[in-house]
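Residue strings, one per chain:
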Amino acid sequence: MSSRERKQFLAGIGRDNPVFVQILGICSTLAVTNVLRNTVVMCIGLCFTLTLSNVTVSALRRWIPGRVRMMVEVLIIATYVIVVDILLKAYLPDISRELGPYVGLIITNCIVMGRAEAFALTNPPRLALVDGLAAGLGYSYVLLIIAVVRELMGSGTLWGIPVMGSWWTNWTILAMAPGAFFALAVFVWIVKACFLKPADAPVPGTGGKPS
Amino acid sequence: MNEPASLWTILFAAIFTNNILLANYLGMCSFLAVSKEIKTSFGLGSAVVFVMTATTALNWFVYHHVLVPLNLVYLNVIVFIIVIAAFVQLVELIIDRVSETLYTALGIFLPLITVNCAILGVSLFMIIRDYSFTQSVMYGLGSGIGWMVAILAMAGIRQKMKRSRIPRGLEGAGITLIIAGVMALAFMGFNGIL
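Residues numbered from 1 in each chain as written. Chains lettered and ligands numbered in written order. Predicted model: local features only at pLDDT ≥ 70, side-chain atom pairs only at ≥ 80, totals over all residues. Heavy atoms only, no water.

## What to know about the overall build of chain A
Reasoning step 1: When you go through chain A residue by residue, the secondary structure sums to 9 helices and 2 strands.
Reasoning step 2: Traced from its N-terminal end to its C-terminal end, chain A shows the element sequence α-α-α-α-α-α-α-β-β-α-α.
Reasoning step 3: Taken over the C-alpha trace, chain A has a radius of gyration of 18 Å; the compact-globule value for 211 residues is 17 Å, and the two agree within 12%.
Reasoning step 4: Out of the 211 residues in chain A, the part that is buried amounts to 53%.
Reasoning step 5: Contacts spanning at least 24 positions in sequence make up 74% of the contacts within chain A whose residues lie at least 6 apart. (Helix = DSSP H or I, 4+ residues; strand = E, 2+ residues; numbered from the N terminus. Rg over C-alpha atoms; globule rule 2.2 N^0.38 Å. Buried < 20%, exposed > 50% of the residue type's maximum accessible area, 1.4 Å probe, protein only. Contact = heavy atoms within 4.5 Å.)

## A short note on the side chain of T55 of chain B
Residues and elements named next belong to chain B.
Reasoning step 1: Mapped onto the fold, T55 is located in helix α3 (residues 38–70).
Reasoning step 2: By relative accessible area, T55 is classed as buried at 0%.
Reasoning step 3: A polar side-chain atom of T55 sits 2.8 Å from the main-chain carbonyl oxygen of V51. (Polar contact = N/O pair within 3.5 Å; in protein donor to acceptor, adjacent residues only side chain to side chain.)

## Concerning empty space enclosed by the protein
Reasoning step 1: Considering all chains together, one arrives at 2 cavities of 30 Å³ or more under this definition.
Reasoning step 2: What the largest cavity holds in volume is close to 70 Å³.
Reasoning step 3: Around the largest cavity sit G25, I26, C27, S28, M42, Y102, L105, I106, T108, N109 and C110 of chain A together with C117 of chain B, which together line it.
Reasoning step 4: Broken down by element, the residue count for the lining of the largest cavity peaks at 3 residues, all from helix α2 (residues 26–31) of chain A.
Reasoning step 5: Grouping the constituent residues of the lining of the largest cavity by class yields 8 nonpolar, 4 polar and no charged. (1 Å grid on protein atoms, 1.4 Å probe; cavity = no way out; pocket = protein on both sides within 12 Å on 5 of 7 lines; lining within 4 Å. Points joined across faces, edges and corners; volume = space filled by probe spheres on them. Nonpolar A, V, L, I, M, F, W, Y, C, P; charged D, E, K, R; others polar.)

## Regarding the nonpolar core
Looking at soluble globular proteins, one finds that nonpolar side chains tend to be buried together.
Reasoning step 1: Membership of the largest hydrophobic core comes to 111 residues, with the highest contact counts inside it found for F181 of chain A together with Y25, M28, F31, I113 and W147 of chain B.
Reasoning step 2: In this structure, Y25 of chain B is in contact with C27, L30, A31, Y102, R150, M176, A177, A180 and F181 of chain A together with I20 of chain B, ignoring residues within four places of it in sequence. (Core = buried A, V, L, I, M, F, W, Y, C linked by side-chain atoms within 4.5 Å.)

## Some words on helix α4 (residues 69–91) of chain A
Reasoning step 1: The terminal C-alpha atoms of α4 of chain A, which comprises 23 residues, lie 33 Å apart, in line with the 33 Å expected from a rise of 1.5 Å per residue.
Reasoning step 2: Elements that come into contact with the buried residues of α4 of chain A comprise α3 (36–59), α5 (93–99) and α6 (110–118) of chain A together with α4 (76–98) of chain B. (Expected span 1.5 Å × (residues − 1).)

## Observations regarding a nonpolar patch on the surface
All names here are of chain A.
Reasoning step 1: A cluster of nonpolar side chains, namely F48, V83, L87, Y91 and L92, defines an oily patch on the protein surface of about 480 Å² accessible area.
Reasoning step 2: In terms of residue count, α4 provides more of the nonpolar patch than any other element does, 3 residues in total.
Reasoning step 3: Judged by relative accessible area, which is 67%, Y91 ranks as exposed. (Patch = residues over 30% accessible without salt bridge, like charges linked within 9 Å, V, L, I, M, F, W, Y side chains within 5 Å. Areas by Shrake-Rupley, 256 points an atom, 1.4 Å probe, with all protein chains shown as cover. Salt bridge = Lys/Arg side-chain N within 4 Å of Asp/Glu carboxyl O.)

## A short note on the interface of chain A and chain B
Reasoning step 1: Across the boundary between the two partners, chain A contributes 40 residues, which contact 46 residues of chain B.
Reasoning step 2: Counting each side, the surface lost to burial between chain A and chain B is near 3,600 Å², with a carbon and sulfur contribution of 83%.
Reasoning step 3: The tally of links from chain A across to chain B stands at 0 salt bridges.
Reasoning step 4: Where chain A meets chain B, there are 1 residue pair in polar contact (both at pLDDT 80 or more).
Reasoning step 5: Contributions of two or more residues to the side of chain A that touches chain B are made by α2, α4 and α9 (177–194) of chain A.
Reasoning step 6: Here the side of chain A that touches chain B gets 10 residues from one element, more than from any other, and that element is α9 of chain A.
Reasoning step 7: Here the side of chain A that touches chain B is built from residues that sort into 29 nonpolar, 8 polar and 3 charged. (Buried area = accessible area lost by both parts, 1.4 Å probe.)

## A few points about the packing of α3 of chain B against helix α7 (residues 117–128) of chain B
Residues and elements named next belong to chain B.
Reasoning step 1: One can describe the packing of α3 onto α7 by two numbers: an axis separation of 9 Å at closest approach and a directional angle of 40°. Relative to α7, the element α3 is oriented oblique. Seen along the crossing, α3 lies across α7 with a hand that is right-handed. Of α7, the residues touching α3 (which contributes V48, V51, M52, T55, T56, N59, W60 and Y63) are A118, I119, V122, S123, M126 and I127.
Reasoning step 2: The residue inventory of the contact of α3 with α7, partitioned by class, reads 10 nonpolar, 4 polar and no charged. (Axes fitted to C-alpha atoms, helices over the stretch in contact; angles between N-to-C directions. Parallel < 35°, antiparallel > 145°, perpendicular 65-115°, else oblique. Left-handed = near helix turned anticlockwise from the far one by under 90°.)

## Let's talk about the packing of α4 of chain B against α7 of chain B
All names here are of chain B.
Reasoning step 1: It is at 10 Å that the axes of α4 and α7 come closest, and there the two elements cross at 135°. Judged on the interaxial angle alone, α7 and α4 are oblique. Between α4 and α7 the crossing geometry is right-handed. In this structure, α4 uses N76, V77, F80, I81 and I84 to contact α7, whose residues at the interface are I119, L120, S123, L124 and I127.
Reasoning step 2: Of the residues that constitute the contact of α4 with α7, the class distribution is 8 nonpolar, 2 polar and no charged.

In structure tokens:
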């Protein structure tokens, strides 16, 4: 790994983390993190789509006409999402049913689109691969932490196995919709307060869509 | 769905108890980025209501009359996103020609909408829940209105909050997420009316 690749990799995991720094891809972050098992599947799906679509966009970047590049990117991403969707339906039908529309919604996940638009279009495939993988892993570990907290405290289980014992009263709210918002907010708060220096922090609330 | 839910139940459920934003977390990105002022929120909100209703209807037709007969159901996500993108592009062209005031009010929000996950999400939910045509349209309309209600409420709160003192790390996204959580709690209270 060259130094540039290493730098890009570390940025995706830390300083430029898609979830807690750029606040992208929040929809699925909130929706699938109530159960750890679903979260793991979702993360694998996202990493797969993100890395491969990044490489593909990057490899085709000289042939994609500027005016229709968004459409081409969407089609490339959608192709990989369909592959993930079909694989899940075939091998993990239960999880596929529980995840419902959220697998298909990887297409509109702003992280995937954002990396294709902001990075893959202007960089060679090798670097795009590293970048996609880093952003995917950066997304995954945040989701996994939140999922562990939510499942442990919300249902007293981990991976469906009860671990908290009978003395624990479930914080049902954490497994429900409002709990997702609170959990992510507290996570962002802790990370920003402890790990990010003020100079690194971007202007709040600008983490919008690449449009 | 065991029995066909009545249209009004679907509409109210989509607006309040099953709010697309607060219960299904869809459309969060533009929600967080745009909800700073009531005026822009209203613009984006109305664009979402319109596009969501129309694309849900279109996608219902495409799914049941093109994809199912051709046995191409597995391609649904890719087809839906193309329909949505094409529709948004078309509306943008028409609005640009017809009315300049409408274009300045809505036009700038239209490109944002193509990648709004709520729009695609509604179409996918409609398939999963096996809605009929009228049910789908009601569901699309209700979800759009629900999204607009949520973003307007959030914009109002954020405008009031401008001068409040917020812990450093919570500024921006953090506090917005907490407010969204409180709003989700409040909307859960509507469960009783259905």
